[in-house]
Amino acid sequence: MINFKLASSFFTLICCVFILFIVLELLSIWWLIISLLVGFILLGMVSFTMSWNCFTQAFTHKKTTKKIIALTFDDGPHPEYTPKVLALLKQYEAKATFFCIGKHVEKHPEIVQAIINQGHSIGNHSYTHSNTIAFKSKQGWLEEIKRTDALITKITGVSTKLFRPPFGVTTPHLAAALKVTGPICVGWNIRSFDTFFKTPKIISNRVLNHIHPGSIILLHDKQENSLAVLEHILQVLHTEHYDMVTINTLYDEK
Ligand SMILES: [Zn+2]
C-alpha cells in the first residue's frame, strides 16, 4: 500500500518548485501543466485498480489449484432479476455472493432474506451507490457502510464481513473508514462488463476465456442480459466440474 499523505506531499513540493522556477523564468509553464496532468492520471489509475492495493488491501482472487470459483452479483437486490438469479443458482447447486445496495435492501427485505435462506453470502455495497460516492469523506463512508450493515443484520440476523466499493473505486478516505469498520474489501479478477456490453454471448465468452481456479467473477443482478450470461457460465463451469462457492468460503480456503 502507498503512503498517500507522503506521496501527495512530495507531489505538492515538486509543483511548488516548478512554480518557483516558472516565476524565475527558468522553466516553461508546460512543466507544471504536464506534471499536474500526470498526477491526476496516476491518481485515477490507482483509485480504479483495486488489485494494486494502493489505498487498502483488496481480496481479488485466491491463489489455489482447486477448481473453486466465486460468482458475485452487485447492485441488487432487484425485485425482478434477483429471484431469477437465485433460481438459476439453485438449479446448478451453485453458491454466490450478493453485494447489495442499502437503499435496495430497505425496499426488498424479503429478497435479502431469500438470499441468506438459500445459503448464499451477502456483502455491503454502500447505502446510496451515488455517482459522486468516491468523493465522500471518511465520515461519509462510515455512514454509508454502517447504515447498510445495520439493515442487513436487522433483516437477516447475519452480520456481513464483506464490502465492495461502488464502481471498484478506492480512496484514502474509504481506506480510513474500512480501518474502523473492519470488513474485507472485495474486488474481482474477472470483470464481465455486463452493464456495458448488451449481447450475452459476448459477455459470457469474455468471462469464460479468463476462468481460472480461485477467480472472482463480477456480474450484476439488476438487468435482463445477465440472466442468459449467468446460465451459460453456470453450464460451462458445471461441465468443467468447478465448485461455485461464496466469497467467505473462497477467502477461508487453505
Ligand atoms: Zn455497483
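What counts, and at which threshold
- Residues numbered from 1 in each chain as written.
- Predicted model: local features only at pLDDT ≥ 70, side-chain atom pairs only at ≥ 80, totals over all residues.
- Heavy atoms only, no water.
- Helix = DSSP H or I, 4+ residues; strand = E, 2+ residues; numbered from the N terminus.
- Buried < 20%, exposed > 50% of the residue type's maximum accessible area, 1.4 Å probe, protein only.
- Contact = heavy atoms within 4.5 Å.
- Areas by Shrake-Rupley, 256 points an atom, 1.4 Å probe, with all protein chains shown as cover.
- Lys, Arg positive; Asp, Glu negative; His and termini not counted.
- Charge placed at Lys NZ, Arg CZ, Asp CG, Glu CD.
- Donors = N, O, S within 2.8 Å, 3.2 Å for Na, K, Ca; no water.
- Domains from an automatic or database assignment.
- Buried area = accessible area lost by both parts, 1.4 Å probe.
- Salt bridge = Lys/Arg side-chain N within 4 Å of Asp/Glu carboxyl O.
- Polar contact = N/O pair within 3.5 Å; in protein donor to acceptor, adjacent residues only side chain to side chain.
- Nonpolar A, V, L, I, M, F, W, Y, C, P; charged D, E, K, R; others polar.
- Arc of directions from axis to C-beta.
- Axes fitted to C-alpha atoms, helices over the stretch in contact; angles between N-to-C directions.
- Parallel < 35°, antiparallel > 145°, perpendicular 65-115°, else oblique.
- Left-handed = near helix turned anticlockwise from the far one by under 90°.
- UniProt positions renumbered as here; feature names shortened; annotations may be inferred.
- Pairing = 2+ DSSP bridges.

Engineer: I would appreciate a short explanation of the overall build of the chain in the present structure.
Structural biologist: Each helix and strand in the chain was counted, giving ten helices and nine strands. If one aligns the C-alpha atoms of the chain with their principal axes, the spans along those axes are about 70 × 40 × 35 Å. Relative to its 254 residues, the chain shows a buried fraction of 47%. Long-range pairs, those at least 24 residues apart, make up 77% of the contacts in the chain between residues at least 6 apart in sequence. Put simply, the chain shows about 13200 Å² of open surface, and 62% of that area lies on carbon and sulfur atoms. For the chain, the distance from the average position of its 24 positive side-chain charges to the average position of its 18 negative side-chain charges is 5 Å.

Engineer: Got a minute to help me understand the environment of Phe 48 in this structure?
Structural biologist: With respect to the helices, strands and loops of the structure, Phe 48 is situated in helix α2 (residues 30–48). A relative accessible area of 54% places Phe 48 in the exposed class. Setting aside anything within four residues of it in sequence, one finds Phe 48 in contact with Phe 167, Gly 168 and Val 169.

Engineer: Looking at this structure, how should I read the coordination of the zinc ion?
Structural biologist: Working reference: metal with six octahedral donors, ideal angles 90 or 180 degrees; metal with four tetrahedral donors, ideal angle 109.5 degrees. Around the zinc ion, the donor atoms from the protein are Asp 75 (OD), His 125 (NE2) and His 129 (NE2), and they sit 2.1 Å away. When its relative accessible area of 7% is taken as the criterion, Asp 75 is described as buried. We classify His 125 as buried; its relative accessible area is 1%.

Engineer: What should I look at first to understand the domain arrangement of the chain in this one?
Structural biologist: Many structure descriptions define interface size as the accessible area lost when the parts assemble. Looking at the chain, the domain boundaries give domain 1 (4–48) and domain 2 (58–252). The straight-line distance from the C-alpha centre of domain 1 to that of domain 2 is 37 Å. Opposite the four residues of domain 1 that make contact, domain 2 presents five residues. Across the interface of domain 1 and domain 2, roughly 330 Å² is buried in total on both sides, 59% from carbon and sulfur atoms. Seen at the junction of domain 1 and domain 2, the total is zero salt bridges. On the surface where domain 1 and domain 2 come into contact, there are zero residue pairs in polar contact (both at pLDDT 80 or more). Ranked by residues supplied to the side of domain 1 that touches domain 2, first place goes to α2 with three residues. Partitioning the side of domain 1 that touches domain 2 into residue classes produces three nonpolar, one polar and no charged.

Engineer: Whenever I open this one, helix α3 (residues 81–91) confuses me. Can you help?
Structural biologist: For an α-helix, the turn length of 3.6 residues means that residues three or four places apart are oriented alike. If you check which residues of α3 are buried, you get Tyr 81, Thr 82, Val 85, Leu 86, Leu 88 and Leu 89. Buried residues of α3, viewed axially, fall in a sector of 165°; they line one side. α3 presents Lys 90 and Gln 91 as exposed residues on the side facing more than 90 degrees away from its buried surface. Where the residues of α3 are buried, they touch β2 (68–74), β3 (96–100), α5 (109–117) and α9 (225–239).

Engineer: Explain the packing of helix α6 (residues 138–156) against helix α7 (residues 172–181) to me, please; I cannot follow it from the model alone.
Structural biologist: Packed helices, taken two at a time, are described by the angle between their axes plus the distance between the axes. The geometry of α6 relative to α7 is characterised by a closest axis approach of 8 Å and an angle of 50° between their N-to-C directions. As summarised for this structure, α6 and α7 are arranged oblique, according to the angle between their axes. The interaxial crossing formed by α6 with α7 has right-handed handedness. Contact residues: α6 offers Lys 138, Trp 141, Leu 142, Ile 145 and Lys 146, while α7 offers His 173, Leu 174, Ala 176, Ala 177, Leu 178, Val 180 and Thr 181. Here the contact of α6 with α7 is built from residues that sort into eight nonpolar, two polar and two charged.

Engineer: Would you take a moment to explain the UniProt feature "transmembrane region" (unreviewed entry) in the chain for this structure?
Structural biologist: Per the UniProt entry, the sites bearing "transmembrane region" (unreviewed entry) are residues 6–24 and 31–52 in this numbering. Structurally, residues 6–24 is divided into 95% helix and 0% strand, and its ends, taken at the C-alpha atoms, are 27 Å apart. Taken end to end, residues 31–52 comprises 82% helix and 0% strand; its first and last C-alpha atoms sit 28 Å apart.

Engineer: Before we go on, may I ask you to explain the UniProt feature "domain: NodB homology" (unreviewed entry) in the chain in this structure?
Structural biologist: As recorded in UniProt, the sites labelled "domain: NodB homology" (unreviewed entry) are residues 67–245. In residues 67–245, helix accounts for 44% and strand for 17%; the two terminal C-alpha atoms are 10 Å from one another.

Engineer: Quick question: what am I supposed to make of the pairing of β2 here?
Structural biologist: The side chains of a regular strand alternate, residue by residue, between the two faces of the sheet. Burial within β2 is extensive, with seven of its seven residues counted as buried. Residues of β2 alternate between two faces, with Ile 68, Ala 70, Thr 72 and Asp 74 on one and Ile 69, Leu 71 and Phe 73 on the opposite face, all of them buried. Relative to strand β9 (residues 243–244), β2 is paired through two bridges, and the arrangement is parallel. Paired with Ile 68 across the bridge in β9 is Asp 243. Sheet analysis places β2 next to strand β8 (residues 216–220), joined by five bridges and oriented parallel.

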